[in-house]
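Residue strings, one per chain:
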Amino acid sequence: MPMTPHETWMKYAIREAERALDRQEVPVGCIIVRDNKIIGKGYNQTETLKDPTAHAEIIAITAAAAQLQSKFLEGCTLFVTLEPCAMCAGAIVLAKVPTLVFGAYDPKAGACGTLYTITGDTRLNHTVHTIGGVLDTECGALLRDFFHTKRSGGNGRG
């Protein structure tokens, strides 16, 4: 079965998540696309950088904003392998990203429909069209395998 455009782009985000996994980071990856080109990408680096804000989305937003030389990411779509947390959802709203596409839902910290709906909150100055569950099985497997390996005493890489 052919992949949808969202699935095709999500594969690039999965590659970023695999980069995090190679560095024993929680495997979350993100890309930002505008005009069919990746203009920003990132993967979790909280352990490497000793920075609790070094989530994949924040790193990708910073890269895309630098590329566009704008604090607003109008005309962009953000693809991330895990439903964004409250911090990242807030950053997505502040950057005025029009569309968010995520892979696995996050029952413990998801802020784009699971625990909170920050990206759809009409009380904020911007709402984000949010699509969840794209390649959720593949995205979720990366996380499940990582945490299973960690719990069993491994380094996170299966």
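Please refer to the structure placed before this passage.
The paragraphs below set out a description of the structure included in this document. Predicted, not measured: the structure shown is a model, and the values here were computed from it.

## With respect to the layout of surface pockets
Part 1: Taken as a whole, the largest pocket encloses approximately 510 Å³ of empty space.
Part 2: Around the largest pocket sit 20 residues that line it, and Val 26, Leu 82, Asp 106, Leu 143 and Phe 147 are the ones nearest its centre.
Part 3: Per-element tally for the lining of the largest pocket: the top contributor is helix α5 (residues 136-151), with 4 residues.
Part 4: Partitioned by chemical class, the residues of the lining of the largest pocket number 11 nonpolar, 4 polar and 5 charged.

## So, the sheet that holds strand β2 (residues 37-43)
Part 1: Taken in spatial order, the 5 strands line up as β2-β1-β3-β4-β5 in an open sheet, and their pairing is mixed. Lying at the two open borders of the sheet, with one neighbouring strand each, are β2 and β5 (129-131). Within this sheet the neighbouring strands show an average axis-to-axis angle of 15°, counted without direction.
Part 2: Note that strand β4 (residues 99-104) and β5 share 3 bridges and pair parallel. Among the inter-strand pairings, Val 101 is bridged to a residue of β5, identified as Ile 131.
Part 3: Seen against the sheet, helix α1 (residues 5-22) touches β1 (29-34), β2, β3 (76-82), β4 and β5 and runs at an angle of roughly 140° to β1.
Part 4: Along the sheet face, helix α3 (residues 56-68) touches β1, β2 and β3 and points at about 145° away from the line of β2.

## Points about the packing of aromatic side chains
Part 1: Counting across every chain of the model gives 4 aromatic pairs.
Part 2: Seen from their ring centres, Phe 102 and Tyr 105 are 5.0 Å apart, and the 85° between their planes marks the pair as edge-to-face.
Part 3: With relative accessibility at 45%, the residue Tyr 105 sits in the partly exposed group.
Part 4: Both rings, one in Phe 146 and one in Phe 147, keep their centres 4.9 Å apart while their planes meet at 80°; by these two values the pair is edge-to-face.
Part 5: With relative accessibility at 35%, the residue Phe 147 sits in the partly exposed group.
Part 6: A connected cluster of aromatic rings, assembled from ring pairs, spans Trp 9, Tyr 12 and Phe 79.
Part 7: Here the basic side chain of Arg 15 rests over the ring of Tyr 12, its NZ or CZ set 4.6 Å away from the ring centre.

The rules behind these values
- Residues numbered from 1 in each chain as written.
- Predicted model: local features only at pLDDT ≥ 70, side-chain atom pairs only at ≥ 80, totals over all residues.
- Heavy atoms only, no water.
- 1 Å grid on protein atoms, 1.4 Å probe; cavity = no way out; pocket = protein on both sides within 12 Å on 5 of 7 lines; lining within 4 Å.
- Points joined across faces, edges and corners; volume = space filled by probe spheres on them.
- Helix = DSSP H or I, 4+ residues; strand = E, 2+ residues; numbered from the N terminus.
- Nonpolar A, V, L, I, M, F, W, Y, C, P; charged D, E, K, R; others polar.
- Pairing = 2+ DSSP bridges.
- Axes fitted to C-alpha atoms, helices over the stretch in contact; angles between N-to-C directions.
- Contact = heavy atoms within 4.5 Å.
- Phe/Tyr/Trp six-rings, centres within 6.5 Å; stacked < 30°, edge-to-face > 60°.
- Buried < 20%, exposed > 50% of the residue type's maximum accessible area, 1.4 Å probe, protein only.
- Lys NZ or Arg CZ within 6 Å of the ring centre and 35° of its normal.

What is shown is where atoms sit, not what they do.
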